[in-house]
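# Geometric and topological summary
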Amino acid sequence: MMSTEEKLASDIEKVRQIPIVPTILDVICKTTGMGFAAIARVTQDRWIACSVQDEINFGLKPGGELEIETTICNEIRDSQRAVVIDDVANSEYVSHHTPRIYGFQSYISFPIFLKSGEFFGTLCAIDPRPAKLNDAKIIGMFNLFTDLIAFHLQSMDLLSQSNFAVQELSRQLTDSADENRQYKYISDHNLQEPLRKIRLFGDMLIAATEAENLQKAKELAIKVSSSAQRFSMMIKDLSEFSELNYREATFEVINLNKIVTDVSVQLNKELRARNAVLNIGPLPSILAMPLQIEQLFYHLISNALKFSRRDQIPVIEIFAKEVEGHLIEHPISRGNEVKYVEIRMEDNGIGIEKSQLEKIFDIFSHLPHDQIPEGKGIGLSYCRRIIRNHGGIIKAQSELNKGTSFSIILPIHRKPATELVSKKSTF
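Residues numbered from 1 in each chain as written. Predicted model: local features only at pLDDT ≥ 70, side-chain atom pairs only at ≥ 80, totals over all residues. Heavy atoms only, no water.

## Re the side chain of Ser-106
Following the sequence through the fold, Ser-106 ends up in strand 5 (residues 106-113). Here the side chain of Ser-106 touches Arg-129 through a polar contact of 2.7 Å, landing on its backbone oxygen. The contacts of Ser-106, once residues within four sequence positions are left out, are Met-34, Ile-85, Asp-86, Ala-125, Ile-126, Asp-127, Arg-129, Pro-130, Ala-131 and Leu-133. (Helix = DSSP H or I, 4+ residues; strand = E, 2+ residues; numbered from the N terminus. Polar contact = N/O pair within 3.5 Å; in protein donor to acceptor, adjacent residues only side chain to side chain. Contact = heavy atoms within 4.5 Å.)

Here's what the structure looks like:
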């Protein structure tokens, strides 16, 4: 979520990007005869110029500020009504502090309301001389211009949301294509191996039975059962993996320190067996799916223990830092309102060859390393699927006999694409 300063800067930049704004301010000056016109972003405690036309050397530039208490816009924000002054000397504002401070005699300011109904700021103009402003045509012009500005601001928001939705869909399609590639490889290779063994041992079992070699038949029956069990487990793993989907309703704010602590309790037996040291730095709270994030850390810590060196006590470090979107090497397109956290997990295990780093995230992957124990090969693929479900990325760095480091980048907060594409214009 953006800070207040970032939100204000974004609002000001949106006004600057509206191509018709300079024309609006020029028309106001020419039509009214006034020398200064501006669009201001007005909050409870700030008055900031978004765009300015200054022909009287008032001295205010885009981004410049006035003390909110010194402005009439401060009152317009609360009353939500326009203020029109032809001549300060002959108006109820004759004793008002604002004309005295800024030295103007004519003033006009209309509130700008976003299509959501939220007050954004004002379209205003001043001049040191009186001017004929309380006129139906001028008032109509200001109403038209404030509506036009609100329309453009809303259109820019909708465009930004649409771009994000397209980028999010593209990311999901890329992820889907990668997983389809893995499923095809599994179908063509991984699942064929236990089936081949079942067929082979089955034929041998028939032959042994016909030869009345009961001991051989018993041995082969055990092998057939083992291969069938392996095949069944692979199907079960694939089923569980395919069901590890994105479910918007299950997102909630979770404390990552608590999640990692809970996982360390679950793995207490394994940690104690290896005298492992688990150092957990301060971790933030994020909006995520609790069960999936718990699975993520369970697989990562379990993997670190499984791939630890037998001649060293395993040391696992987990820490985090907030990162800006533009600093991410492979940016995640989730819109400007999202903050990210990078979670790093480092171990001093056996390490992985650089050529194998990307393969470790594939389903049923097995690495060509004598020290690596046989496993199901599904743990890290679970991790990547979970990270993708949360709109993040996971990468690994490693060096043989020195350890492995995982970098996980996740949104701290999120604005789901499903929400954005479902929004409708209120025009």
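There's plenty left to go through after this.
## Some points on the nonpolar core
Grouped together as the largest cluster of nonpolar side chains are 38 residues, with contacts concentrated most on Ile-293, Leu-296, Phe-297, Ile-301 and Ile-318. Those elements that place two or more of their residues in this core are helix 8 (256-266), strand 9 (285-288), helix 10 (290-306), strand 10 (315-323), strand 11 (340-347), helix 11 (379-389), strand 12 (393-399) and strand 13 (403-411). Sorting elements by how many residues they give to this core places helix 10 first, with 7 residues. Core analysis: the second largest hydrophobic core is formed by 30 residues, Leu-25, Met-34, Ala-131 and Met-156 among them. (Core = buried A, V, L, I, M, F, W, Y, C linked by side-chain atoms within 4.5 Å. Buried < 20%, exposed > 50% of the residue type's maximum accessible area, 1.4 Å probe, protein only.)

## As for the pairing of strand 10
Where strand 8 (residues 277-280) and strand 10 come together, 4 bridges link them in parallel fashion. Across the sheet, Asn-279 pairs through a bridge with Glu-317, a residue of strand 10. With 8 bridges joining them, strand 10 and strand 11 adopt antiparallel strand pairing. If you follow Phe-319 over to strand 11, its bridge partner there is Arg-344. (Pairing = 2+ DSSP bridges.)

## Some points on unusual backbone geometry
With a phi close to 55 degrees, Asn-57 is a non-glycine residue in the positive phi region. Checked against the element boundaries, Asn-57 lands in the loop between strand 2 (47-54) and strand 3 (65-66).

## Topic: the pairing of strand 5
Within strand 5, 7 of the 8 residues are buried, leaving the element largely enclosed by the surrounding structure. Bridge count for strand 4 (residues 83-85) against strand 5 is 3 bridges, and the pairing is antiparallel. Following the sheet pairing, Val-84 is matched in strand 5 by Ile-108. Both strand 5 and strand 6 (residues 119-127) contribute to a ladder of 8 bridges, which runs antiparallel. Bridge pairing links Ile-108 to Ala-125 in strand 6. Two successive antiparallel strands, strand 5 and strand 6, enclose a turn made up of 5 residues, where Gly-117 displays a positive phi of approximately 95 degrees.

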